[in-house]
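So you can see what is in the structure, the chains are spelled out below.
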Amino acid sequence: MAHALSLISKENKKYRVNVIIDRCKECGLCINICPVKVLSKSGILNKNGYRPPDPVNIEKCIGCRLCEYSCPDFAIFVEGVGK
Amino acid sequence: MKKEILVVGRGGQGVLLMGRIIGLAASKYANLYAVSTESYASETRGGESRAEVIVASDIGEIDYLKVQKPDIAVFMYPFRLDYYLKILRPETLVFIDNLVVPEEKFSNYNLKSQPYSSIAESIGSQRVTNMVILGHMLKVTGLMEIKHVQEALKEIVPEKWLELNIKALEKGYSLPP
Amino acid sequence: MALTIKTHPLDRHLRTDRIPTLYCPGCGLGIGLGAMLRGLQKRIDEGSISPDSVVWVGGIGCSARLSFYVNYDSAHVLHGRAIPFAVGVKLANPELTVIVVGGDGDIAGIGGNHLLHAARRNIDIITVMFTNFVYAMTGGQVAPTTPLGVRTTTTPHGNPEPPLDVVKVVSSLNANYVARASITTPHYIEQYFYKALGMRGFRFIEVVSTCPEVYGRHIGLRDPVEMYNELKKRVIYKPRPTLEEAAINWEKGIVIGEYIVRDNPGFIDFLRGGNK
Amino acid sequence: MRKVFASGNIAVAEAAMTAGLKFYAGYPITPSSDLMEYLAEELPRRGGVVIQMEDEIASINAIIGASNAGVKSMTATSGPGLSLMAEGIGLAVITETPIVIAHVMRAGPSTGVPTKTTQSDIFMVRWLTHGDYIIPSFAPWSVQEAFDLTIKAFNTSEKLRTPVFILSDAILAHVWEPLVVKEPGEVEIIERKTPRSKEGYMPYLPDEDLVPPMAPFGKGYKVLVESLVHDEKGYYAPNNEKYKQLVTRLNAKITRNIDWLFEYEGFFLDDADIVLVAYGSVARTVFALAKQLRSSGLRTGLFRPKTLWPLHEKVIRDRIKGRKIIVVENNIGKLALDVERILCDREVYKAPVLNLESPTLKEVKEAVTQWL
């Protein structure tokens, strides 16, 4: 069942943001909802021709998970890292 | 042997029960075959209610599930008498409750006329008029033995009504043929 | 840019080989499903619901198809008939947790009569209705919730029919729980769904959703982000709103919250209790 | 065994309970209502549930839901109700859900005559819903046979994962006759196959008999019940290969069991020059006529299919040897169309007799003798 998924993963000291590349439909809701503007559209084209977001400003991430909760396609999730 | 029995009355008079009792008694206890159909007016309580029972020695004698030419007819209420008179035969044995059904309509038939409902009332309740008539019918026709009907009553009638029903059946059976 | 193998925290609830969904980019349905699954996860984690006992039932329509993305016992049945199917499932095995998902057309339009009677019976199932104001899967026709005046493909001169206030209708019956949330408030969807899973009787949650591709086109909000932001602006949270506030009004606002919370005996209780 | 005096509707209800019925959903409609009333009284005592739904649409969908939750389910209805159930019947076909529908024919079209009988719905149970399918239908002629064929209907639905009709009529529904009720253990009851293991379970992966094992909801199989054309997993498969495969299998699982499914009764067929064909309650009167004609010197036989659909064409060809075949029905002549096709080398005549009370011997005789 669990087949390999290609991710864009970036982390700061507390949080890691993972984007499942091939699930993204480029709706932009995650980029819009992020209160600290971590995300930005990447230049990658996924298998369906969509450009997934890239957590370019990962250092700003506060772990609110609004991107994860607002993604209609189960394509982005946030993890706690460190201790 | 094949007897076609037509029972007509009002909803609530136990017409359908009479059909079922005859059918059960004949088929389960008297070693006969029986088919019974029922119809009733769905619109009204107290509307016309009809049971059509065919009793025969063998299933093969029954070629139609409904009564076409009654050998025995019971009228507990004068519904559509003119219609029913047309399907009776001169030799049809007709039982009427003469307190509610006009005797003169049946002057050309083999008529058994009794105040069945008041007889029933005198032994306990008008509600068992049907069993008084059935008892009388058994006496007159010898259709089956009274014990067969008693067995059927025991099987179907609730405990608290059983004694009265059997009493009514026996009362009817004691009437002159 | 690290490439690693990891799964989304909700993947255990999904038939992942069917993801991506067939939904258009920016469709709110996936947000709603995600929130529901988080609510369900909490119930599973606390041990009050076994995953094997959960059955999802959907009728026909975009929202109803949520039932076939979930990795549970599920049924994708006829248009409008998810509720009676679910009633049969529940009565056959009252131990099951039965969840109906569907759009407003499926649940309150073609299936409206079943909705009324499910609520009247207080039958022990959960119905989550996604309202997106339009028949999306069939190409943008008028729905029972389409606001007055909106031009759809079957009301090209403007919708002449006032919309149905489903929350008010269901509340007027015997439902034990009636709540409304929006895909712009996924935490409330999660919270209400979690709560509903712990209740008996008929539980109804309306989720106001976005359909940028089809409804958005009708009202000039085709961009998912723009439509999301417009809906978000209009959503007003009240903990216990009154039924007078239930009518959805795009201009005056859409009040979300818990409209009805009761703990009356459910249909199963009556069935088990006989005629007492 | 219990010997009782019962109506056709009661016989169906009793048989359903013997077969293991646990869920009944229905909507009152004459002349089927008392079947539901009888079950409402009896079934809860045997651990089952009876619910009166808001309409027939809800009823058929509820029994499909219940069957998928693992219990034997049925409904009963009459013409207008069955019209409303059309779409649900199709759902049961494509989801391979075992259900039994007792259809008690009255007069139509539309509301028609609610309390009276006909045989006008025999094609309705055959081709009610859209799509390509075969739904087995059994047509009893007596109260006892209503019992026996209802057992067979449940067995068929469980064995082949299909909806099945028991086709009664207003006469049979309310005729009372002696009935031997067989209790569980006194008659063979078939249960649906369940999967051997959860590992790799696919809800629509058939065994060699073309029937997929059926897992109930609630046991961890992650069943997917799918009304769309689907593959073995239950995933929507809108392609020609999967469509052909599915529809072919759904039909073949029925037709390859034709020898088991098809039941009939023949009277005096071996030397019959004239063969009357009739079914259901009407066949009783036709049987009387066959005997009468035979005693008058005409070599007459009766062929009575108990299984109306699917017809066993080879059996019909082999058993009906007569030169002249006359099909008697209380409708405008429907089964006759198939008999004409199957016996196209013979003289086949229609003898339709429309009678709300059921055709009388006199009427049947007139209708038949015009072709003699």
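Residues numbered from 1 in each chain as written. Chains lettered and ligands numbered in written order. Predicted model: local features only at pLDDT ≥ 70, side-chain atom pairs only at ≥ 80, totals over all residues. Heavy atoms only, no water.

As annotated in an unreviewed UniProt entry, chain D is 2-oxoacid oxidoreductase (ferredoxin) from Thermosphaera aggregans. Note on chain D: under the UniProt heading Catalytic activity (unreviewed entry), the record states "a 2-oxocarboxylate + 2 oxidized [2Fe-2S]-[ferredoxin] + CoA = an acyl-CoA + 2 reduced [2Fe-2S]-[ferredoxin] + CO2 + H(+)". UniProt, in the comment section headed Subunit (unreviewed entry), describes chain D in these words: "Heterodimer composed of an alpha and a beta subunit." (UniProt positions renumbered as here; feature names shortened; annotations may be inferred.)

Chain C goes by 2-oxoacid oxidoreductase (ferredoxin) in an unreviewed UniProt entry, where it is assigned to Thermosphaera aggregans. Under the UniProt heading Catalytic activity (unreviewed entry), the entry covering chain C gives this text: "a 2-oxocarboxylate + 2 oxidized [2Fe-2S]-[ferredoxin] + CoA = an acyl-CoA + 2 reduced [2Fe-2S]-[ferredoxin] + CO2 + H(+)". Regarding chain C, the relevant UniProt record gives this comment under Subunit (unreviewed entry): "Heterodimer composed of an alpha and a beta subunit."

Trainee: Honestly, the packing of helix α1 (residues 8-19) of chain D against helix α2 (residues 33-42) of chain D in this entry has me stumped. Any pointers?
Mentor: Between two packed helices, the angle of one axis relative to the other and the distance separating the axes together describe the packing. Residue and element names in this part refer to chain D. Across the interface, α1 lies against α2 with an axial gap of 8 Å and an inter-helix angle of 40°. Classified by the interaxial angle, the pair formed by α1 and α2 is oblique. The element α1 and its partner α2 pack so that their crossing is right-handed. Touching Asn9, Ile10, Val12, Ala13, Glu14 and Met17 of α1 are Asp34, Leu35, Tyr38, Leu39 and Glu42, all from α2. (Axes fitted to C-alpha atoms, helices over the stretch in contact; angles between N-to-C directions. Helix = DSSP H or I, 4+ residues; strand = E, 2+ residues; numbered from the N terminus. Parallel < 35°, antiparallel > 145°, perpendicular 65-115°, else oblique. Left-handed = near helix turned anticlockwise from the far one by under 90°. Contact = heavy atoms within 4.5 Å.)

Trainee: Explain the domain arrangement of chain D here, please?
Mentor: Often, the extent of an interface is quoted as the loss of accessible area upon association of its parts. Residue and element names in this part refer to chain D. What the domain assignment lists for chain D is domain 1 (1-261) and domain 2 (264-370). Relative placement of domain 1 and domain 2: their C-alpha centres are 28 Å apart. Taken together, the 30 residues of domain 1 in the interface contact 29 residues of domain 2. Together domain 1 and domain 2 conceal approximately 2500 Å² of surface at their shared face, both sides included; 59% is due to carbon and sulfur atoms. Its largest share of buried area at the contact with domain 2, domain 1 owes to Gln119, Ile122 and Trp141, together 32% of the area lost on that side. Applying the counting rule to domain 1 against domain 2 returns 5 salt bridges. (Domains from an automatic or database assignment. Buried area = accessible area lost by both parts, 1.4 Å probe. Salt bridge = Lys/Arg side-chain N within 4 Å of Asp/Glu carboxyl O.)

Trainee: Just to check I follow, could you spell out empty space enclosed by the protein for this structure?
Mentor: Rolled over the atoms, a probe with the dimensions of a water molecule shows which regions are left empty. Residue and element names in this part refer to chain A. One pass over the full model with this rule turns up 8 cavities of 30 Å³ or more. Its volume calculated, the largest cavity comes out at about 140 Å³. In this structure, the largest cavity is lined by 18 residues; those nearest its centre are Cys24, Glu26, Cys27, Cys30 and Pro53. Considering every element that reaches the lining of the largest cavity, the biggest residue donor is helix α1 (residues 29-33), with 3 residues. Looking at side-chain class alone, the lining of the largest cavity contains 12 nonpolar, 1 polar and 5 charged residues. Approximately 100 Å³ is the volume attributed to the second largest cavity. As for the second largest cavity, its lining consists of 13 residues, and the residues nearest its centre are Cys34, Val38, Cys61, Cys64 and Cys67. Its residues placed into classes, the lining of the second largest cavity shows 11 nonpolar, 1 polar and 1 charged. (1 Å grid on protein atoms, 1.4 Å probe; cavity = no way out; pocket = protein on both sides within 12 Å on 5 of 7 lines; lining within 4 Å. Points joined across faces, edges and corners; volume = space filled by probe spheres on them. Nonpolar A, V, L, I, M, F, W, Y, C, P; charged D, E, K, R; others polar.)

Trainee: Help me understand α1 of chain D, please; the structure alone is not making it clear to me.
Mentor: What sets the pattern is the α-helix's 3.6 residues per turn: residues three or four places apart point alike. All names here are of chain D. Look at α1: 16 Å from first C-alpha to last across 12 residues, which is about the 16 Å you get at 1.5 Å a residue. In terms of residue burial, α1 counts as a mostly covered element, since 12 of its 12 residues are buried. Trailing α1 by a residue or two, Gly20 shows a phi angle of about 105°, which is positive. (Expected span 1.5 Å × (residues − 1). Buried < 20%, exposed > 50% of the residue type's maximum accessible area, 1.4 Å probe, protein only.)

Trainee: Mind showing me how you'd approach the interface of chain D and chain C here?
Mentor: Across the boundary between the two partners, chain D contributes 37 residues, which contact 33 residues of chain C. Here chain D meets chain C over a buried area of about 2800 Å², counting both sides, of which 59% is carbon and sulfur. There are 2 salt bridges connecting chain D and chain C. Here Lys233 of chain D ties to Asp17 of chain C by a salt bridge, and the two come within 2.8 Å at their closest N and O atoms. Counting the contacts that link chain D with chain C gives 17 residue pairs in polar contact (both at pLDDT 80 or more). Mapped by element, the contributors of at least two residues to the side of chain D that touches chain C are β3 (49-52), α3 (56-68), α4 (79-94) and β9 (224-226) of chain D. It is α3 of chain D that contributes the most residues to the side of chain D that touches chain C, 8 residues altogether. For the side of chain D that touches chain C, a count of residues per class yields 21 nonpolar, 9 polar and 7 charged. (Polar contact = N/O pair within 3.5 Å; in protein donor to acceptor, adjacent residues only side chain to side chain.)

Trainee: Would you mind showing me how to read the UniProt feature "domain: Thiamine pyrophosphate enzyme TPP-binding" (unreviewed entry) in chain C here?
Mentor: Mapped onto the present numbering, the UniProt feature "domain: Thiamine pyrophosphate enzyme TPP-binding" (unreviewed entry) falls on residues 67-207 of chain C. Counting secondary structure, residues 67-207 of chain C comes out at 33% helix and 23% strand; the distance between its end C-alpha atoms is 16 Å.

Trainee: Honestly, the interface of chain C and chain A in this entry has me stumped. Any pointers?
Mentor: Every contact between the two is made by 38 residues of chain C and, on the other side, 36 residues of chain A. Both faces considered, chain C and chain A share a buried interface measuring about 3000 Å² in area, 63% of it formed by carbon and sulfur atoms. Where chain C packs against chain A, one counts 1 salt bridge. In this structure, Asp11 of chain C engages Arg23 of chain A in a salt bridge whose closest nitrogen and oxygen atoms are separated by 2.9 Å. Our enumeration of links across chain C and chain A arrives at 6 residue pairs in polar contact (both at pLDDT 80 or more). If you list the elements that add at least two residues to the side of chain C that touches chain A, you get α1 (29-45), α6 (186-197) and α8 (224-234) of chain C. Ranked by residue count, the leading element in the side of chain C that touches chain A is α1 of chain C, at 6 residues. A per-class count over the side of chain C that touches chain A returns 21 nonpolar, 10 polar and 7 charged.

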